[in-house]
Structure formats: C-alpha cells, structure tokens
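Take a look at the letters that make up each chain.
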Amino acid sequence: MSKKKIIIISCSVIAVIIAAVLGVLWSRSAHKNEETVTVEAVEVTTEQVTEATPEAEELPEEAPVVKAEDEGDNLYALSWNEVACDKYIIEYISGDISEDVGGNWEEYKELESEVTEIELGQLKPFQCYLFRVTAKSGSDTFESEEVKIETKESALYSTVWATRDMTLYKTSDGDEQLGTVPVLSSLCVLEEKDGRFLVKTDDGEGYIDSNYCMINLPDYMGELCRYDITNSYASYYTAHNIPIPNVSGTVVSGYQDVLLKDGTFLVPLLYPVAKKLVPAAETARDQGYVIKIYDSFRPYCATRSIYDTTAEALNYIVPNYSYSRLYVEDYLNGAPTGAISLVGLEKYIPPEPEVVATEGDAEGEEEPAEETSSAVPSDPNVITYQKAICGTGYNLGAFLAASGSRHNLGVAIDMTLETLDGQELQMQTNMHDLSYHSVQSANNENANILKNIMEPAGFGMITSEWWHFQDNDIKNQLQPSSVANGVCVEGWKKDARGWRYRMADGTFIENTTESINGVSYEFDTDGYTLDY
C-alpha cells in the first residue's frame, strides 16, 4: 500500500472519530437544554398555580349567627359560627313567661375566640330567656340577634320526698331490689322513666315509684305559681280576722324547715297531683292571673296541733282587736308576729241552767231543763271563739280536720289568685279564715273565677273553704299514705354541674371538708364535690 493511501485512510478514521465525539457532545448539550426547558416549564406552571390559588380567607368581622338546641328537661346549648374577634361574650335577659321580657342584659359567660358553643345547663322552669352572643374585636362589638327560649315543667334535679317506705329497684322496668328508701327521705331526681324516679341513695342509684313521691313545686314548675307558706313563719289562721291563741302568728308544728334561709319555701305535692296542677296554672295565666299557694302538703302532726289548739280556745271570749298579718320579708327582718296566748283572755262561763221538778217522778228526783248548747252562748253580747268560728250552723270539724286531712296525703292545696303584677284578688274572706264567712255558698265573683279554673282541671272542693282544692281521683286511685311529720330539704342535691350537699335551711356546704354519714367529702368554694 502506498504511503499516500495510508494517509487518506488515517484521516478518514480520525474524521469519523471526531464526528462521533462531536455527535455525543451535541447530544449531551441538547439533552441538557431540554432539562432546563422542562424545569423552567415546571417553575412557570408552579407560579401560575400559586397565582391562581388565593390565600386562606380571613374570618369576617361581623355578628355571629346563634341557634339554641333543646336537649330536653330544660337543658339547652347555644352554638354559633366563628367570626373574627378577640372573644365572645354570652349575655341574657330572663323573666316571667307571661311577660314581655326586657331590661338590661346580664353577662352569662366570656369565652375565647376559638369557642363556638356552650352548654347552658338546666334553665329554670316556666321562664322566658333571651340570649345573644357578642363578638368583641378591640373596641368594636358585633351583637348577634336574640335567641328566645321558653322553658316548661321538669322533674329532673327536683327535690322529692318518699311518702312511705319505698322499694329501691335496680332498673326502671325490673323487679330486682336494691334496698328500701325510708319515708320522707329527701332525694334528687336524676331521671324519670317508666313511672319511676332514678335517685341516688346510700344503697346506690336506683328507681322508686314516682306516684308515691311528693315533688317540690318551685323546683318542678318554678314561677308558674307563686308561694307563701305562712304556716312556716307566721300562720294566717284566724277567726274572721281575730287572732286564734297559740295559732295565729306561730310556726305550726311540722313546718319548722319549710321556710329556707333565702326566703323561699318548700312546697311538696304528690307528683301525680302536681302534673294536673300545671295545666290549671297555665289556664290561670292565660286569663291574666297567677295561682298563689298558701299550703300544700300538711303533716298530720300539724293538722292535729291546729285542731287541738283551736278547740281549746272555743269557750274563750275573743279579744277586741283584729290580727294584722305578717309578711315573710318583715318576718325575716325580725318584725313581731302578733301571736297571742290564752293567758290574759277571759273564759266564758254560761249561766246555770234552770232546774225544774219532773212531774210524775216517783222518787221526786230533779232533772235539769234542756240546756242551751254551750257552743252558742246565751248572751248575744258575748262573742266566743266558738261563735266567731261556727256561727249557729257549723262545728269546728267543718273548718279543721281532727282525725285526718287530704293535705296529709299530699293531694290538697290551699290557694288564691293574684294579678300578674302581684295583687291578690279580693275574696269574701282572707286566706285561712276559719269561720262561716268562708263557705262556698258565700263565694264572691273572684272566688268563683278560681273555682272555674280548678274544677275543670280535675280538682274538687269542700263546702266550708273557698281556697281548698283536692284531687279526689288520685286519692281514690292511689290510696296514698297519711304522712305524720314535716319535710326537710337536707340531703344531696345535683344540678347540671355536679353534686352538692344542702343543709336544712337550704344553704350548701362550701369550701371545706365535711364528714357526712361517716364518709369524708371535700367541697369547693361553690359547694361542689367530686367525691360523691
């Protein structure tokens, strides 16, 4: 091979090699440029997405929208939408359900801005509530519209008393027995189911028959009725405005624990009767009146005491002055009650009857002529309690029971009517006027209004007292027991927050450690314990 040919072949090989290297380099460069373009394309796309997606919306600075949720038994909750603010302020106004609720808003609770609901707990029965939620942001406030809540009767957390020794059952519909609840035990209702109350006792939680429990009316129906249990501080029993010795102005036996320290009363009534009282009280409200209760359950010891004490005074001449009733506010402020005793009163001694000989008596014995009854003095100018109370056609038993009363069974109520603004209607006599002036046949128009409210609701009357109404149907159906002694509120009491222990005067043990029935309990500053 010639030298020239060798050189040509070598150059060709070198050229191929150079071309191959250049091809590789070009390919790498092109691939690199493609990666760059791809990355840039991704970056552009990301920017575009970022620009298309707005930032999270800020909460609006506006008033929250509030709704109320009824959880049953006057338990309510509030909830609202979240708005931009520093905090929420829950405010309310409350008032009588028959009134147009108004007045100044009161703060219920202050909440952090992240909170959008609150449990209100149990509201009082037969009240009207207005709630609102105010969102506060700096110096700005945004008030929600008002939410209106009207409550009804509820046995939940009410105080009840057993009217007899009662069996405590494990379940509401079973027969397994846990123990016995003694008569007049003060208990708190935790649930009502299948005609039984769930209560907590020393034997544990269990169910008792609600038909034989008396329920405290202020707990159960609140201010649908009003209450003035005068026997618990200054009895209003009089003989047509004449004070009855050792009765008028006294605390009647069995009522010692009925007036609580805060000026409220215990007003026990057999539960089935209380349920019938609700529609009667609602009817009264619809007509522009409020039922005012002066007495409900009356222990037998009180019935006996009032009768015996009044009977002892029958032959005494009435004093020459009227009884001026004492109101509970004055009593709590230490005002004198106006009570009197037989000491210093004059006993009436009727004239000796004439004595005549009985003709034809073999032995010549003398017999007295027919005597004028000592119930009515022969001297018309002498007024005894017998005459003031009974007149000429009645005896004491027409006005006071000696052997027993429907009140002792928890099925009777003594009541009158008030206007919505608290003025008592004028009846033919005052309440508890033990005299012939109080009989139904002497009813005035107002007394008949009361009668026409109560009788259609299923309540009967007695002829001698315009104020007395009783449930004869429940009495005949259930045959409730006569209860000898008075009620007391001392015992454990629960509400939506927890358990507290209430003393006989209605106050709660607070901020201490106390031994109750041999067990030690620690109570916080509000009286609640975690130990029970």
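For the structure itself, consult the block above.
Below: a short report on this structure. (Residues numbered from 1 in each chain as written. Predicted model: local features only at pLDDT ≥ 70, side-chain atom pairs only at ≥ 80, totals over all residues. Heavy atoms only, no water.)

Positionally, Gln287 belongs in the loop between α3 (271-286) and β21 (289-295). Take Gln287: its relative accessible area is 44%, and that puts it in the partly exposed class. Each C-alpha atom, one on Gln287 and one on Leu420, is 9.9 Å from the other, the two residues being 133 residues apart in sequence. Contact partners of Gln287, with chain neighbours within four places excluded, come to Ile449 and Ile453. (Helix = DSSP H or I, 4+ residues; strand = E, 2+ residues; numbered from the N terminus. Buried < 20%, exposed > 50% of the residue type's maximum accessible area, 1.4 Å probe, protein only. Contact = heavy atoms within 4.5 Å.)

By the definition in use, this model includes 18 salt bridges. With a closest N to O distance of 3.5 Å, Glu110 and Lys87 form a salt bridge. Note that Glu110 is positioned in strand β4 (residues 106-112) and Lys87 in strand β3 (residues 87-96), a separation of 23 residues in sequence. Judged by its relative accessible area of 43%, Glu110 falls in the partly exposed class. Relative accessible area serves as the criterion here: at 24%, Lys87 is assigned to the partly exposed category. For the salt bridge of Arg497 with Asp524, the shortest nitrogen-to-oxygen distance reads 3.9 Å. (Salt bridge = Lys/Arg side-chain N within 4 Å of Asp/Glu carboxyl O.)

Its 13 residues place the ends of helix α4 (residues 300-312) 18 Å apart at the C-alpha level, agreeing with the 18 Å of an ideal helix rising 1.5 Å per residue. Of the positions making up α4, those classed as buried are Ala302, Thr303, Ile306, Tyr307, Thr309 and Thr310. Buried residues along α4 sit against α6 (385-390). (Expected span 1.5 Å × (residues − 1).)

It is worth spelling out the sheet that holds strand β31 (residues 528-529) at this point. On the basis of which strands lie adjacent, the open sheet formed by 3 strands has the order β27-β28-β31 and antiparallel pairing. The open sheet has two edge strands with one neighbour each: β27 (491-494) and β31. The pairing of β27 with strand β28 (residues 499-502) spans 4 bridges and is antiparallel. Across the sheet, the residue bridging to Lys494 is Trp499, located in β28. (Pairing = 2+ DSSP bridges.)

Right, let's talk about the packing of aromatic side chains for a bit. In total, this model carries 18 aromatic pairs according to the counting rule given. Consider the rings of Trp492 and Tyr532, whose centres lie 3.9 Å apart with planes at 10°: the pair is stacked. Taken together, the residues Trp492 in strand β27 and Tyr532 in the segment after β31 connect sequence positions 40 residues apart. By relative accessible area, which is 13% here, Trp492 ends up buried. One aromatic cluster is present, formed by Trp492, Trp499, Tyr501, Tyr521, Phe523 and Tyr532 through successive ring pairs. Note that Lys276 overlies the ring of Phe459, its terminal NZ or CZ placed 6.0 Å from the centroid. Of note, Arg500 hangs over the ring of Phe508, and the distance from its end group to the ring centre comes to 3.8 Å. (Phe/Tyr/Trp six-rings, centres within 6.5 Å; stacked < 30°, edge-to-face > 60°. Lys NZ or Arg CZ within 6 Å of the ring centre and 35° of its normal.)

Note on placement: Asn81 falls in the loop between β2 (75-80) and β3. Sequence separation between Asn81 and Pro64 is 17 residues, and the spatial gap between their C-alpha atoms is 5.7 Å. Contact partners of Asn81, with chain neighbours within four places excluded, come to Pro64, Val65, Tyr88 and Thr116. Here Val65 takes part through its backbone nitrogen, which lies 2.6 Å from a polar atom of the side chain of Asn81. (Polar contact = N/O pair within 3.5 Å; in protein donor to acceptor, adjacent residues only side chain to side chain.)

So, about the environment of Gly249. Relative to the assigned elements, Gly249 resides in the loop between β19 (242-243) and β20 (268-270). For the pair formed by Gly249 and Tyr233, sequence separation is 16 residues and the distance between their alpha carbons is 7.3 Å. Leaving out residues up to four positions away in the same chain, Gly249 has contacts with Tyr233, Ala234, Ser235, Tyr323, Thr337 and Ala339.

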